[in-house]
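# Inside the fold
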Amino acid sequence: PAVTSPCKILKCNSEFWAATSGSHHLGAEEAPEFCTALRAYAHCTRRTARTCRGDLAYHSAVHGIDDLMVQHNCSKDGPTSQPRLRTLPPGDSQERSDSPEICHYEKSFHKHSAAPNYTHCGLFGDPHLRTFTDTFQTCKVQGAWPLIDNNYLNVQVTNTPVLPGSSATATSKLTIIFKSFQECVDQKVYQAEMDELPAAFVDGSKNGGDKHGANSLKITEKVSGQHIEIQAKYIGTTIVVRQVGRYLTFAVRMPEEVVNAVEDRDSQGLYLCLRGCPLSQQIDFQTVRSAQATEGRARRKGPSLPAPPEAFTYETATAKCREKLPVEDLYFQSCVFDLLTTGDVNFMLAAYYAFEDVKMLHSNKDKLHLYERTRVLTPGNTAPMGTHPTLWVALLCLCWLCLL
C-alpha cells in the first residue's frame, strides 16, 4: 500500500516561498508584508504540528521561522493573510553561471593543502547501509532515521514494511535539508516519496535560491521519475537519489571535513552514515541467510503471512542476482537476501544501481567491492561465504605448508 503522510509541512513551505520570493532582499518598506507571510507560515506549521513531530523538515521550518522573526523584527501578533505573489526579476539566480570562490569547496577550503579526502555512504534495498568508513550493515530501522546530520545538511529516511506482517523494510521517504551557507545558498529542502521523485526542491526551484552563488547547489534530472542528482559544490558533495520499483535508494560522496563537521559530538551516535545502525537494529546477515529458504517455504504455506510476489529459492535467487552482479561481494549477497526476503525482483536492480553509484562516487577504486570477514559454512560449500576465492586458496596453501 502507498504510504501517505498526514504531515503537511511541504504545503506550508511552498505557500511561504511562493508568497515571499525575493522579498527578503527588498527595502525596509517591504518588512510588514514579509512579516505577514511569516506569521501565516508559523500558523500553518502550528496546524500540522501534531502530525509532524517526527519530520525533519517540520523542525527545520519551526527553527527557521523563529530566526526570520528576529532578523526582520516581526511581531508574532498581527495579520496572517497571504500577501500578493511575487515574481523573480529577469535574469534571476536560476540562470546565473558565476559563483564566488567561497562557493566552490575545493577552491576555497584547500588553497594551500592537499586535495580533500572524499568518502561515500549509501542506503538501498531491505535496507543495506554502507557507511562513510566502508562498514556494510543490514538493518531493520523501521520508521524515520537520520542518515546525515552535520553543520551543512541533514538527511532523514523513513523505512516502511515491504509487505504487511513482514520484517522486511525499505525506504519510502527521503528528506534532505541544505542549510543556508554564507553568500552561496539559501536553505533548501528536497523531499522524495514512493512514486514521487521530484526534479526540484519543495519550493519549485532547482538551485540554491537568490544568493550570488546559488548555482553551487543544483538538481539535475537524469531519468524522469527514476534518477536525480544533486550537486552541492560549496561543500564538495554529490547526492544521487533513485526510485527503483516502489522504493528509494540514496548515495552520497562527501569530503571527510564535511562529514565530521558536527558541533554536538554526542549527537553523532544517531548519524547512521557515520556511526552505522544501532546494534539493536542490525540484522545478522549471515545467520539470517542460512534460514531464509526455510522461512520462505513456511511463509508460502502459512495462512497468516502474505506470500511474496515471486517465490525464490536460494539457487534461483543466486542465479538471478548473478545476471547483474557477477562478483559475489556483499552487494551480490544483499541481492540474494532481498529476493528471498521480499520476492521482489526490483531489489536486484536496487543492489545493481547501488553498486553503480559506488563506482561513480567512491574515491578509492580498490574498495568498491566489500566481502564478509566472518566464516559461514553452507551445505556443499566449504569456503567462507563472500570470501575472495584467491584469498581462500592462499589460506589453504599456508595450512598445507604448516603441516609439512
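You'll find the structure just up there.
These numbers were taken from a predicted model, which means no experiment stands behind them.

Definitions and limits used
Residues numbered from 1 in each chain as written. Predicted model: local features only at pLDDT ≥ 70, side-chain atom pairs only at ≥ 80, totals over all residues. Heavy atoms only, no water. Helix = DSSP H or I, 4+ residues; strand = E, 2+ residues; numbered from the N terminus. Buried < 20%, exposed > 50% of the residue type's maximum accessible area, 1.4 Å probe, protein only. Contact = heavy atoms within 4.5 Å. Areas by Shrake-Rupley, 256 points an atom, 1.4 Å probe, with all protein chains shown as cover. Pairing = 2+ DSSP bridges. Axes fitted to C-alpha atoms, helices over the stretch in contact; angles between N-to-C directions. Salt bridge = Lys/Arg side-chain N within 4 Å of Asp/Glu carboxyl O. Disulfide = S-S within 2.5 Å. Phe/Tyr/Trp six-rings, centres within 6.5 Å; stacked < 30°, edge-to-face > 60°. Lys NZ or Arg CZ within 6 Å of the ring centre and 35° of its normal. Parallel < 35°, antiparallel > 145°, perpendicular 65-115°, else oblique. Left-handed = near helix turned anticlockwise from the far one by under 90°.

What follows concerns the overall build of the protein chain. Of the regular secondary structure elements, the protein chain holds 11 helices and 12 strands. Buried positions account for 50% of the 404 residues belonging to the protein chain. Restricting the contact set of the protein chain to residue pairs at least 6 apart, pairs at least 24 apart contribute 61%. For the protein chain, the accessible area works out to roughly 19700 Å², and carbon and sulfur atoms hold 54% of it.

Sheet architecture is open: 4 strands sit in the order β4-β5-β6-β7, paired in antiparallel fashion. Both outer strands of the open sheet, β4 (143–149) and β7 (188–193), are each paired with one neighbouring strand and no more. Between one strand and the next, the sheet's axes are offset by a mean angle of 20°, whatever the strand orientation. Bridge count between strand β5 (residues 153–161) and strand β6 (residues 169–178): 9 bridges; the pairing is antiparallel. Of the residues in β6, the one forming a bridge with L153 is F178. This element, helix α3 (residues 56–71), spans β5, β6 and β7 of the sheet and lies at about 20° to β6.

What follows is about the pattern of salt bridges. If the charged atoms of two oppositely charged side chains come close together, the side chains can form a pair. One pass over the full model with this rule turns up 6 salt bridges. The partner of D134 in a salt bridge is R130, and the shortest N-O contact between them spans 3.0 Å. An identical accessibility class is assigned to D134 and R130; each is buried. A salt bridge links E328 to R322, with the nearest nitrogen and oxygen atoms 2.6 Å apart. Take R322: its relative accessible area is 38%, and that puts it in the partly exposed class.

Attention shifts here to the state of the cysteines. The final tally for this structure, using the stated rule, is 6 disulfides. Two residues share a disulfide in this structure: C121 and C273, whose sulfurs sit 1.9 Å from each other. Note on the C121 and C273 pair: the S-S dihedral is about -75°, so by sign convention the disulfide is left-handed. Note that C121 is positioned in strand β1 (residues 118–124) and C273 in helix α6 (residues 272–275), a separation of 152 residues in sequence. Looking at C121, the relative accessible area reads 0%, which means it is buried. Disulfide pairing places C139 opposite C277 at an S-S distance of 2.1 Å. Measuring the twist about the S-S bond at about 95°, one finds the C139-C277 disulfide to be right-handed. Taken together, the residues C139 in strand β3 (residues 136–139) and C277 in the loop between α6 and β12 (282–283) connect sequence positions 138 residues apart. Each member of the pair, C139 as well as C277, is classed as buried.

According to the stated counting rule, one finds 10 aromatic pairs in the structure shown. Relative to Y331, the ring of F136 lies with its centre 5.5 Å away and its plane at 75°, an arrangement referred to as edge-to-face. Here F136 is found in strand β3, whereas its partner Y331 is found in helix α9 (residues 330–342), with 195 residues between them in sequence. A residue is classified by how much of its surface remains accessible, and Y331, at 1% relative accessible area, is buried. Measuring from centroid to centroid gives 6.0 Å for F178 and F201, while their planes differ by 80°, and the two rings are edge-to-face. Separated by 23 residues along the polypeptide, F178 in strand β6 and F201 in the loop between β7 and β8 (217–223) bring together distant segments of the chain. Over the ring of Y118 we find R253; its NZ or CZ atom is 3.7 Å from the centre of that ring.

Turning our eyes to something else, we now look at the sheet that holds strand β11 (residues 247–255). The strand order across the open sheet built from 8 strands is β8-β9-β10-β11-β1-β2-β3-β12, with neighbouring strands paired in antiparallel fashion. Only two strands of the sheet have a single partner each, and these edge strands are β8 and β12. Bridge count between β1 and β11: 6 bridges; the pairing is antiparallel. In the strand pairing of β11, T119 is matched with M254. Sitting on the sheet, helix α10 (residues 346–361) touches β1, β2 (128–130), β9 (227–232), β10 (237–244) and β11, and the angle it makes with β10 is about 165°.

One can describe the packing of helix α8 (residues 314–322) onto α9 by two numbers: an axis separation of 9 Å at closest approach and a directional angle of 130°. With respect to α9, the element α8 is oriented oblique. Both α8 and α9 take part in a crossing whose hand is right-handed. Taking contact as the criterion, the partners of Y314, A317, T318, K320, C321 and R322 in α8 are, on α9, F332, Q333, C335, V336, L339 and L340.

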